[in-house]
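The residues making up each chain are set out below.
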Amino acid sequence: MADENPFPGENNTGHFWDDNIRELKNPPPRWWMIAFWLSIAWWVLYGLLYPMWPAPPWETDKTDQEFTKGVLDWTSIKEFEQGMAQVDAVRAKYEDRIAQMSAEEILADPGLLQYTLASSKVVFGDYCAACHGSGGQGNPGYPVLADNAWLWGGSLGKIAETITGGRKGNMIAHQNILSKQEVDTLAQFAVDLSEGKEGSPEGWNLFNTKGCSGCHGPQANGTLGTLPNGDPITVGAANLTDTLWRFRPGGFESAKHTILYGVNQSGVEQTRNAVMPRFGGAGSAEGRLDEQQIKKLAIYVHELGGGQ
Amino acid sequence: MTDPTSSAPVVDGLDDLYAESEHWQVNDGGETIHAKRLPGRWRRIKWWAASVWLIFFLGPYVRWNGGQAVLFDIPNRQYHLFGATVLPQDFWMLSLLLLFFAILLAVATALAGRVYCGFFCFQTVWTDIFTLIEEWLEGNPRERRLLERAPWTPRKLGIKSVKHLLWMLIGFATGWSFVAWFYGVFPLWRDFFTAQANGAVYAFVALFTVGTYVLAGWLREQVCFWLCPYARIQGVMLDRTTLVPAYDLLRGEPRGRLHKGADARSDAGLDAGAQKQGDCIDCNQCVAVCPTGIDIRAGQQEGCITCALCIDACDQVMDKVNRPRGLIRYASLDEIEGRGAKALLKRVRVWVYFAILALSLVGIVYGFSTLTNIELKVLHERSPLFVQLSDGSIQNKYTLKVLNKANDDLTAEVAVRADVPIEVKGIEHRLRIKHGEVTPMIVFVRIEPEHLTGETIPIFFSARATLANGTEATAERESAFFAERR
Ligand code: SF4
Ligand code: SF4
């Protein structure tokens, strides 16, 4: 910076570089100044309309509010609530129809079915996916919902019943009842049936005399009989004649384990655990889903791939 | 040597030319530029170029099949271009279109500088129209400056208000036409004045009215100087071979005033001891006509929008003083410096630009020629990839999304095919699809274990629908069937 101004009389600031490059005091163009002041006016106006200024201390004490309210009385929560109300309004006409129709009727209505599947996907994710997998693919110890095997029945009504009331399987531990030899025979019998074979005569004999058929059914297919509406009568016992295993991985050792220690036997250390909690029942402590949600969820599960 | 008693001026009106130049100063935005209007070759070209914008105003009135030929129907997310409907799914074509125009801008700039700025840019064109109106009402630049300084009389008030009213009317027409492309021009006529159009329509018209009025009326060349991003981009795309309006300094310098009664080409006209004078007579006409108020003789610079009006001006001066035209002309830096112009096709940049142009054009043409009326998308369920059923067969789940791009609702029939026997569940019913919408459909495919030839089996989906006019639309997709590794 030069001590002496080599350009006297010029409206420069007295800042010089390289001898002759200097900063001038030219005013900014008028339009620029206008825009500048307009921006400031806008800022002030905005602050009056919307919450922006820190609230005075006496206000803060009173309402816990850290900012002035703004003349428009706008808050983000309010906007959020309005948005939600809008979404609900859009959904209302579908939800109303779902409430009035039976699950079977909804299933027959392609448009409504689409809505139901899309909107219950979230509920499934929240309440079911942790055990049964995001696509109903199951987990070790938790049944697959996407196949066509159902312990408690796979009709819409039965599925809704299962979700509402929960399920708890029960198979006594046979470790003290059957000999080692008998356990092996029965386990092999289960494996044979799952592979589509006949099953040994000793196997069938034990199956019938040791009480297995009482739950697994005379044909060992998990069904005790059929109701007039076509629903099978079951007590949640596995179908031994299909290729699927309730407790995975399946096979001889797995079958032995289940026979020895049973299912849900208190006091038996290695027993299989198989409990489906109840999600329905308004007012009950456990009831977390209302009837509408259960209806939608039953349809969703039914449509995962194997509903009957 | 000036001799006040010498004969009458050789050049008529020379005094006037010099009188006009008195005003010149560097344009730093403090004062309104009042450019002089001269007729001429480039002026005419400029009008032709600007008339492209008539499409903007008249385009919405063009009809096609009973509807607006080009309508960007944003609420319904569809775009009608001469009978073809473009949906958001086809928007890759828009990227190509944008690419095409971006490269077009690049190639034009590399070849001829900021021709876009000078001839087509809405800022330039609208400003030109606005200043034309100004000239009609307030007179030539000198008269306009006088009027600006004059006290407010009823006459001045009258002139000014008419001017601003006309400006705003043009602004309104601009906003109106813009919205018409999106709203449909006849519905707009119907709804706008009966207060039935929605708020966005009024907001956009207002925004464009005010925007046009302020930008073209008040800011003018300031936009090119301070606001426009293209000014910066295009400025750096020039090179030595780019053709731009340029002042031939070898020929023009040293410039000097032409004195009355003198012919600069004879030494007699020179001041004693002065060297031979160049062709520029320092009349500042080139500056007086420049809409951005710059002096092209200082070289190619940021403010020059290459509108070539200075060429017209200088050519006329050259005619007057009897010298060859082209002191200011379209020329590259190489040419001006006497290096000769490089042939267009020898420039790598030109080739690269044209290659990209051609590619994007091919893409757009391909896109339009393959626009189908229905589209099918197959999403294979991933959780789980496959499910084993109780009879041992394997089931896969697919979500089909069928998009209806036709102009009416359709009923689509879906079919599945594979090289092995399959059992399909879920396609029993036909699919109703509203036009412009996507309807999903869930399909299960089952294959018996003995037919599972590998981990994946190709599987083909197709959707078929009959349009209202009897033609058939089909779409096909290949997907895969997954099974356990065995
Ligand atoms: S210098 Fe010439 S070409 Fe450039 S903007 Fe001015 S009149 Fe137009
Ligand atoms: S370049 Fe042409 S128009 Fe400009 S001052 Fe020189 S003679 Fe005049």
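Throughout what follows, the structure given in this document is the object of discussion. In this convention, every chain numbers its residues from 1, walking through the sequence in written order. Whichever chain is written first becomes A and whichever ligand is written first becomes 1, with later ones labelled in order. Where local features are concerned, this predicted model is filtered to residues with pLDDT of at least 70; where side-chain atom pairs are given and counted, the filter is 80 or more; whole-chain, interface and lining totals use all residues. Here the side-chain values reflect all heavy atoms present in the structure, with hydrogen atoms and water set aside.

### Some remarks on the overall build of chain A
Here is step 1 of the chain: Strands are runs of DSSP state E lasting at least two residues, helices are runs of H or I lasting at least four, and both sets are numbered from the N terminus onward. Scanning chain A from N- to C-terminus turns up 12 helices and 6 strands.
Here is step 2 of the chain: Expressed as a percentage of its 308 residues, the buried residues of chain A come to 34%.
Here is step 3 of the chain: The contact criterion used throughout is that any non-hydrogen atoms of two residues lie within 4.5 Å. When contacts within chain A are restricted to residue pairs at least 6 apart in sequence, long-range pairs at least 24 apart make up 48% of them. Buried residues are those whose accessible area, probed at 1.4 Å on protein chains only, stays under 20% of the maximum for their type, while exposed residues exceed 50% and partly exposed ones sit between those limits.

### Things to note about a nonpolar patch on the surface
All names here are of chain A.
Here is step 1 of the chain: The grouping of Trp32, Phe36, Trp37, Ile40, Trp43, Val44, Leu48 and Val71 at the surface amounts to a nonpolar patch, some 810 Å² of accessible area in total.
Here is step 2 of the chain: Within the secondary structure, Leu48 sits in helix 1 (residues 30-49).
Here is step 3 of the chain: In this structure Leu48 comes out as partly exposed when scored by relative accessible area, which is 47%. Like-charged residues within 9 Å of one another, or nonpolar side chains (Val, Leu, Ile, Met, Phe, Trp, Tyr) within 5 Å, are grouped into patches, provided each residue has over 30% relative accessible area and no salt bridge. Using a 1.4 Å probe, the Shrake-Rupley method yields the accessible areas, and only the shown protein chains count as cover for residues. For salt bridges, the criterion is a side-chain nitrogen of Lys or Arg within 4 Å of an Asp or Glu carboxyl oxygen.

### Here's the deal with the sheet that holds strand 3 (residues 70-73) of chain B
Residue and element names in this part refer to chain B.
Here is step 1 of the chain: When DSSP locates at least two bridges between a pair of strands, those strands are taken to pair. With antiparallel pairing, the 3 strands of this open sheet are ordered in space as 3-4-5. Whereas interior strands pair on both sides, the edge strands pair on one side only; in this sheet they are strand 3 and strand 5 (84-86). Going across the sheet, the axis of each strand differs from the next one's by a mean of 15°, ignoring polarity. A fitted line through C-alpha atoms serves as each axis, taken over the contacting stretch for helices, and the angle formed by two N-to-C directions is quoted from 0 to 180°.

### Description of the interface of chain B and chain A
Here is step 1 of the chain: Across the contact, 23 residues belong to chain B and 20 residues belong to chain A.
Here is step 2 of the chain: Summed over both partners, the accessible area (1.4 Å probe) lost when two parts come together is defined as the buried area. Taking both partners together, chain B and chain A bury about 1600 Å²; carbon and sulfur atoms supply 58% of that area.
Here is step 3 of the chain: Per-residue buried area on chain B facing chain A is highest for B:Ser383, B:Gln388 and B:Ser390; these three make up 28% of the total on that side.
Here is step 4 of the chain: Joining chain B to chain A, the criterion identifies 0 salt bridges.
Here is step 5 of the chain: Pairs of N or O atoms are called polar contacts if they sit within 3.5 Å, as long as, within protein, a hydrogen donor faces a hydrogen acceptor (for residues adjacent in sequence, only side-chain-to-side-chain pairs). Remark: the boundary between chain B and chain A carries 8 residue pairs in polar contact (both at pLDDT 80 or more).
Here is step 6 of the chain: Where the side of chain B that touches chain A is concerned, the elements lending two or more residues are helix 11 (221-227), strand 9 (387-388), strand 10 (394-404) and strand 14 (438-447) of chain B.
Here is step 7 of the chain: Tallying contributions element by element places strand 14 of chain B first for the side of chain B that touches chain A, with 5 residues.
Here is step 8 of the chain: All residues other than Ala, Val, Leu, Ile, Met, Phe, Trp, Tyr, Cys, Pro, Asp, Glu, Lys and Arg, Gly among them, are scored as polar; the first ten of these are nonpolar and the last four charged. Here the residues of the side of chain B that touches chain A are counted per class, giving 9 nonpolar, 9 polar and 5 charged.

### Observations regarding the site of ligand 2
All names here are of chain B.
Here is step 1 of the chain: Near ligand 2, the surroundings consist of 13 residues, among which Cys280, Cys283, Asn284, Cys286 and Cys314 are the closest.
Here is step 2 of the chain: Secondary-structure elements contributing two or more residues to the shell around ligand 2 are helix 14 (285-289) and helix 15 (309-320).
Here is step 3 of the chain: Taken together, the residues of the shell around ligand 2 sort by class into 9 nonpolar, 2 polar and 2 charged. The near set for a molecule or strand comprises every residue that places at least one heavy atom within 4 Å of it.

### As for the sheet that holds strand 16 (residues 472-482) of chain B
Strand pairing in a sheet is mediated by backbone hydrogen bonds. Such pairs are either parallel or antiparallel.
Residue and element names in this part refer to chain B.
Here is step 1 of the chain: One open sheet accounts for 4 strands, arranged 13-11-15-16; its pairing is antiparallel. Looking along the sheet, the strands with just one partner apiece sit at the ends: strand 13 (431-433) and strand 16. Here the strands of the sheet are splayed against their neighbours by 30° on average, with no regard to which way each runs.
Here is step 2 of the chain: Summarising the sheet, strand 11 (residues 410-418) and strand 15 (residues 456-466) pair through 7 bridges and their orientation is antiparallel. Across the sheet, the residue bridging to Ala418 is Ile459, located in strand 15.

### So, the state of the cysteines
Residues and elements named next belong to chain B.
Here is step 1 of the chain: Two cysteine sulfur atoms make up a disulfide if the distance between them is within 2.5 Å. A full pass over the atoms with the stated rule returns 0 disulfides over all chains.
Here is step 2 of the chain: Cysteine Cys228 shares no disulfide, and the gap to the nearest cysteine sulfur, in Cys117, comes to 5.9 Å.
Here is step 3 of the chain: Here Cys228 falls in the buried class, since its relative accessible area comes to 18%.

### Focus on the environment of A:Leu304
Here is step 1 of the chain: Locating A:Leu304 in the fold gives a position in the segment after helix 12 (291-302).
Here is step 2 of the chain: When the C-alpha positions of A:Leu304 and A:Asp147 are compared, they lie 7.9 Å apart, and in sequence the two are 157 residues distant.
Here is step 3 of the chain: When residues no more than four places from it in sequence are discounted, the contact partners of A:Leu304 are A:Phe124, A:Gly135, A:Gly136, A:Leu145, A:Ala146, B:Lys397 and B:Phe444.

### Description of helix 11 (residues 252-261) of chain A
Here is step 1 of the chain: Turning to helix 11 of chain A, its buried residues are A:Ser254, A:Ala255, A:Lys256, A:Thr258, A:Ile259 and A:Tyr261.
Here is step 2 of the chain: One or two steps after helix 11 of chain A, the chain reaches A:Gly262, where phi turns positive at roughly 70°.

### Observations regarding the packing of aromatic side chains
All names here are of chain B.
Here is step 1 of the chain: Each aromatic pair joins two rings of Phe, Tyr and Trp (for Trp, the six-membered one) with centres within 6.5 Å, and gets the label stacked for planes under 30 degrees apart, edge-to-face for over 60, and tilted for any other angle. One pass over the structure, following the stated rule, counts 40 aromatic pairs over all chains.
Here is step 2 of the chain: Taking the centre distance of 6.0 Å and the plane angle of 70° together, the rings of Tyr61 and Phe186 count as edge-to-face. Here Tyr61 is found in the loop between helix 3 (54-58) and strand 1 (63-64), whereas its partner Phe186 is found in helix 9 (residues 185-192), with 125 residues between them in sequence.
Here is step 3 of the chain: Pairing Phe72 with Trp181 gives two aromatic rings, centres 6.4 Å apart and planes at 35°, and the pair type is tilted. Pair noted here: Phe72 is in strand 3 and Trp181 is in helix 8 (residues 154-183), with a separation of 109 residues, a long-range link.

### Concerning the nonpolar core
In summary, soluble globular proteins display a tendency toward joint burial of nonpolar side chains.
Residues and elements named next belong to chain B.
Here is step 1 of the chain: As used here, the term nonpolar core means buried Ala, Val, Leu, Ile, Met, Phe, Trp, Tyr and Cys residues forming a set that is joined through side-chain atoms within 4.5 Å. Formed by 35 residues in total, the largest nonpolar core has its most connected members in Phe119, Ile328 and Tyr330.
Here is step 2 of the chain: Sorting the residues of this core by element identifies helix 2 (41-50), helix 5 (115-120), helix 11, helix 14, helix 15 and strand 7 (328-331) as the ones contributing at least two each.
Here is step 3 of the chain: With 7 residues, helix 15 is the single largest residue contributor to this core.
Here is step 4 of the chain: With sequence-adjacent residues up to four places away left out, Phe119 is seen in contact with Trp42, Ile45, Lys46, Ala49, Ala50, Val125, Thr306, Cys307, Ala308 and Tyr330.
Here is step 5 of the chain: In terms of nonpolar packing, the next biggest core, distinct from the first, is built from 31 residues, Ala412, Val420, Leu431 and Leu452 among them.

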